[in-house]
Amino acid sequence: MWAAVDARRYRCAACGNLTRFDVTTTRRTRAFHHFTVGGELTVEDEEVLSEVVEEVSCRWCGSGRAVEELRESEV
Ligand SMILES: [Zn+2]
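Just so we're clear, the structure is a prediction, and the values are computed from it rather than from any experiment. (Residues numbered from 1 in each chain as written. Predicted model: local features only at pLDDT ≥ 70, side-chain atom pairs only at ≥ 80, totals over all residues.)

Asks: Hey, could you go over the pairing of strand β3 (residues 41–58) for me, with residue numbers and the actual values?
Replies: With respect to burial, β3 is a largely exposed element, only one of its 18 residues being buried. Inspection of the sheet shows strand β2 (residues 21–35) paired to β3 by 14 bridges, in the antiparallel sense. Residue pairing in the sheet places Phe 21 in a bridge with Cys 58 of β3. (Buried ≥ 20, exposed ≤ 12 C-beta atoms within 10 Å, placed from the backbone. Helix = DSSP H or I, 4+ residues; strand = E, 2+ residues; numbered from the N terminus. Pairing = 2+ DSSP bridges.)

Written out as structure tokens, the structure reads:
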């Protein structure tokens, strides 16, 4: 089971960047859409059913080729 996307850390091996990345994620969620009689929507109880990180690229290099995911023990 993957951790939530914001719990992951990355590192760019090319430039040493640890803090700035563009992360492209596909997320499938289920949420309770609560409409008022007037049609105003409130979204509640959003649950993430699946989440796939498709691409992580370094903001400094502009490339994802050298980006690696850090393990918990390395952080
Ligand atoms: Zn980089």
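Asks: For the pairing of β2, give the residues involved together with the corresponding values.
Replies: Consecutive residues of a regular strand have side chains that alternate between opposite faces of the sheet. Here β2 lies mainly on the outside; zero of its 15 residues are buried. Between β2 and β3, which pair antiparallel in sequence order, lie five residues; one of them, Gly 39, sits at a positive phi of approximately 90°.

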